[in-house]
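What follows is each chain in one-letter form.
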Amino acid sequence: MTGEVWLILGGARSGKTRRGLAIAGGYPSRVYIATAEARDAEMQARIAHHRAERGVEWKTVEVPLDLCEALRNADGAGTVVLVDCLTLWLSNLVERERSVEAETALLAETLCALSATVILISNEVGLGIVPDNALARKFRDAQGRLNQAIAALADHVELVVAGLPLKIK
Amino acid sequence: MTGEVWLILGGARSGKTRRGLAIAGGYPSRVYIATAEARDAEMQARIAHHRAERGVEWKTVEVPLDLCEALRNADGAGTVVLVDCLTLWLSNLVERERSVEAETALLAETLCALSATVILISNEVGLGIVPDNALARKFRDAQGRLNQAIAALADHVELVVAGLPLKIK
Amino acid sequence: MTGEVWLILGGARSGKTRRGLAIAGGYPSRVYIATAEARDAEMQARIAHHRAERGVEWKTVEVPLDLCEALRNADGAGTVVLVDCLTLWLSNLVERERSVEAETALLAETLCALSATVILISNEVGLGIVPDNALARKFRDAQGRLNQAIAALADHVELVVAGLPLKIK
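Each value, and the rule that gives it
Residues numbered from 1 in each chain as written. Chains lettered and ligands numbered in written order. Predicted model: local features only at pLDDT ≥ 70, side-chain atom pairs only at ≥ 80, totals over all residues. Heavy atoms only, no water. 1 Å grid on protein atoms, 1.4 Å probe; cavity = no way out; pocket = protein on both sides within 12 Å on 5 of 7 lines; lining within 4 Å. Points joined across faces, edges and corners; volume = space filled by probe spheres on them. Helix = DSSP H or I, 4+ residues; strand = E, 2+ residues; numbered from the N terminus. Nonpolar A, V, L, I, M, F, W, Y, C, P; charged D, E, K, R; others polar. Buried < 20%, exposed > 50% of the residue type's maximum accessible area, 1.4 Å probe, protein only.

Q: Describe in detail the layout of surface pockets, supporting the description with residues and values.
A: Think of a ball as big as a water molecule: rolled over the atoms, this probe shows where empty space is left. Approximately 550 Å³ is the volume attributed to the second largest pocket. If you trace the second largest pocket, you find 19 residues lining it, with A:Val100, A:Lys138, A:Asp141, A:Ala142 and A:Arg145 closest to the centre. Those elements giving two or more residues to the lining of the second largest pocket turn out to be helix 4 (86-95), helix 5 (100-111) and helix 6 (134-153) of chain A together with helix 2 (41-54) of chain B. With eight residues, the single largest contributor to the lining of the second largest pocket is helix 6 of chain A. Considering only residue class, the lining of the second largest pocket consists of nine nonpolar, one polar and nine charged.

Q: I'd like a description of the environment of A:Leu166, backed by residues and values.
A: All names here are of chain A. Tracing the chain through its elements places Leu-166 in strand 7 (residues 164-167). Among the residues examined, Leu-166 registers a relative accessible area of 9% and is labelled buried. Measuring from C-alpha to C-alpha, the distance between Leu-166 and Leu-9 comes to 9.6 Å, with 157 residues separating the pair along the chain.

Q: Give me the lowdown on empty space enclosed by the protein, citing residues and values where you can.
A: Taken as a whole, this structure holds four cavities of 30 Å³ or more when the rule is applied. Along the walls of the largest cavity sit A:Glu124, A:Val125, A:Gly126, A:Arg140, A:Gln143, A:Gly144, A:Asn147, B:Ala12, B:Arg13, B:Ser14 and B:Ala162, which together make up its complete lining. Taken together, the residues of the lining of the largest cavity sort by class into three nonpolar, five polar and three charged. Going through the elements one at a time, strand 6 (156-161) of chain B together with strand 6 (156-161) of chain C are the ones with two or more residues in the lining of the second largest cavity. Partitioned by chemical class, the residues of the lining of the second largest cavity number eight nonpolar, no polar and one charged.

The structure is reproduced here in structure tokens:
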């Protein structure tokens with residue numbers, strides 16, 4: 001039996017991660033995949049702070065790029081994996097000029113083959129005015145396509161607004 | 001009997017057009033009103049690609065400005081007209097310094113007098129930070145007012161998030 | 001008995017204020033707390049226009065900063081207080097370098113002790129691309145945290161899209 005896939009969408013500081021942690025609460029085995037990179041001391045402190053907040057029930061893995069491999073390594077029945085977040089992962093892919101299309105297809109394929117429950121956090125970034133910056137426009141399009149692809153295969157999709165989940169699938 | 005009016009709102013790459021095409025699927029006669037202008041080769045290629053994707057069941061009309069006239073020309077019982085999209089139409093109006101207020105009132109009046117089912121695609125652009133640029137702020141306000149005016153008269157309004165429609169009316 | 005708290009969220013020109021006024025419609029005593037400052041003639045004209053639109057049933061108070069004091073002064077059973085809006089209040093706090101965290105905690109405490117029904121209007125600003133500007137990013141984070149804090153204690157939370165309220169709590 002394959003595990004369920006949750007996609008938790010929302011804006012900046014909307015409470016997406018907190019919602020993901022709440023969903024994960026009941027699982028005996030919990031893996032947190034952080035896609036942020038600790039590039040400076042401020043970021044390192046922030047990551048350490050969040051890790052302490054989650055508590056010892058969580059195993060944390062830092063994975064800026066190789067998300068599919070990390071998902072397969074964490075897999076197991078009764079396990080929940082929280083991916084926080086797809087937006088930073090996408091940003092890392094774009095920066096390294098990896099093919100977003102190929103990586104999205106691979107992620108979709110990987111998700112469908114896991115036994116663990118996977119909760120993916122992602123930003124909704126397309127509801128503002130068109131950005132001046134061409135790279136920002138390209139990123140916005142890529143994020144929209146990635147969210148659509150994952151939403152299509154997910155069992156549950158929520159939009160978090162002001163900390164409150166709105167069920168959209 | 002007048003036809004139904006659908007307003008499909010969403011962000012960039014949220015799957016708005018795909019949702020509009022799905023709603024239109026059951027109608028024997030289908031007209032696609034494209035408000036984009038094919039100003040360069042890239043845009044021409046993109047328009048041709050989308051036209052091929054829609055298939056031969058669709059008649060395509062390119063109408064950057066005179067939307068009401070195009071709607072009346074396409075009208076007929078059993079017909080569905082997909083307007084893609086109000087955001088580009090608004091942008092074309094603003095560029096030519098046409099009165100957005102007068103054009104919005106005219107569109108509302110036209111929509112209420114048609115026999116065809118009309119599906120209007122529009123962007124939600126007001127959920128980001130206030131833009132630095134005064135023109136962008138003015139456009140954002142105009143888009144918000146246009147969306148409100150059409151939503152008020154529409155029979156159905158949906159917000160599309162990651163390809164999933166959320167019914168709001 | 002304490003009064004109810006409503007949080008009305010939405011984007012620019014989404015019809016948030018109109019929705020707030022509609023909710024307030026049934027109350028015999030109505031107080032409108034405007035957090036905007038009338039810094040120039042254009043803003044003064046706009047404020048006067050909105051005041052005339054609301055009608056004589058409304059008492060208007062202009063409060064750029066001391067929201068909690070204004071709420072306590074307006075309090076009373078059977079009274080409705082409309083705060084329009086938290087986003088401008090937050091912006092005024094940030095400009096004067098007041099502690100947003102302390103002011104948010106004080107507001108939460110004040111809201112829980114009132115007899116009046118309070119309707120708070122606030123912008124959702126985190127659903128666009130990450131702003132280039134560091135101050136804009138900081139504001140976006142502060143707005144997200146403020147909205148979460150008020151949503152957590154509110155009895156009713158709505159997201160207004162194109163003039164249509166979507167219930168999220």
